[in-house]
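Topology and contacts: notes
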Amino acid sequence: MQKRLGTTAIYVTHDQDEGDEPLDRIAVMNAGRVEQVGRRRRSTHDPRSLFVADFVGQINALAAA
């Protein structure tokens, strides 16, 4: 309905399953700060920080000495 009416809507959730609904863009936030904004696919395939990678479950990180 939101697209049909041409309005903007903001949907806030802590549930990633709900966040997988058909959306134009998502914002991943950490402690009140936006970590990454973009399409869901971009967030999962090209995370901009370790937090985003961990949040979306796509992390393969090695500790550096």
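Since the structure is predicted, the reported quantities are computational estimates derived from the model, not experimental observations. (Residues numbered from 1 in each chain as written. Predicted model: local features only at pLDDT ≥ 70, side-chain atom pairs only at ≥ 80, totals over all residues. Heavy atoms only, no water.)

1. What to know about the overall build of the protein chain
A tally of regular secondary structure across the protein chain gives four helices and two strands. Traced from its N-terminal end to its C-terminal end, the protein chain shows the element sequence α-α-β-β-α-α. Put simply, the protein chain has 65 residues, and 15% of those count as buried. Look at the contacts in the protein chain between residues 6 or more apart in sequence, and 10% of them connect residues 24 or more apart. With the model as given, the accessible surface of the protein chain reaches about 5,800 Å², and the carbon-plus-sulfur share is 50%. (Helix = DSSP H or I, 4+ residues; strand = E, 2+ residues; numbered from the N terminus. Buried < 20%, exposed > 50% of the residue type's maximum accessible area, 1.4 Å probe, protein only. Contact = heavy atoms within 4.5 Å. Areas by Shrake-Rupley, 256 points an atom, 1.4 Å probe, with all protein chains shown as cover.)

2. Thoughts on the pattern of salt bridges
Summed over all chains, the structure comprises one salt bridge. With a closest N to O distance of 3.2 Å, Arg-48 and Asp-46 form a salt bridge. With a relative accessible area of 52%, Arg-48 lands in the exposed category. (Salt bridge = Lys/Arg side-chain N within 4 Å of Asp/Glu carboxyl O.)

3. Here we look at the side chain of Gln-36
Among the structural elements, Gln-36 can be located in strand E2 (residues 33-38). Within the local environment of Gln-36, its side chain forms a polar contact with the backbone oxygen of Asp-46, the two atoms lying 3.3 Å apart. Looking at Gln-36, its side chain comes within polar contact range of the main-chain nitrogen of Arg-48, at 2.7 Å. (Polar contact = N/O pair within 3.5 Å; in protein donor to acceptor, adjacent residues only side chain to side chain.)

4. Some thoughts on the environment of Pro-47
Counting through the fold element by element, Pro-47 comes out in the loop between helix H3 (40-45) and helix H4 (50-56). Here the alpha-carbon distance between Pro-47 and Gln-36, two residues eleven residues apart in the chain, equals 7.7 Å.

5. A word on the pairing of strand E1 (residues 26-30)
With five bridges joining them, E1 and E2 adopt antiparallel strand pairing. Its bridge partner being in E2, Asn-30 is matched across the sheet by Arg-33. As consecutive antiparallel partners, E1 and E2 are separated by two residues, and within that stretch Ala-31 has a phi angle of approximately 55 degrees, a positive value. (Pairing = 2+ DSSP bridges.)

6. Thoughts on the packing of aromatic side chains
Applying the stated rule across the entire model yields one aromatic pair. Plain terms: the ring middles of Phe-51 and Phe-55 are 6.1 Å apart, the flat faces sit at 15 degrees to each other, and that makes the pair stacked. You can see Phe-51 and its partner Phe-55 sitting in helix H4, four residues apart, about one turn around the helix. In this structure Phe-51 comes out as partly exposed when scored by relative accessible area, which is 28%. Looking at Phe-55, the relative accessible area reads 33%, which means it is partly exposed. (Phe/Tyr/Trp six-rings, centres within 6.5 Å; stacked < 30°, edge-to-face > 60°.)

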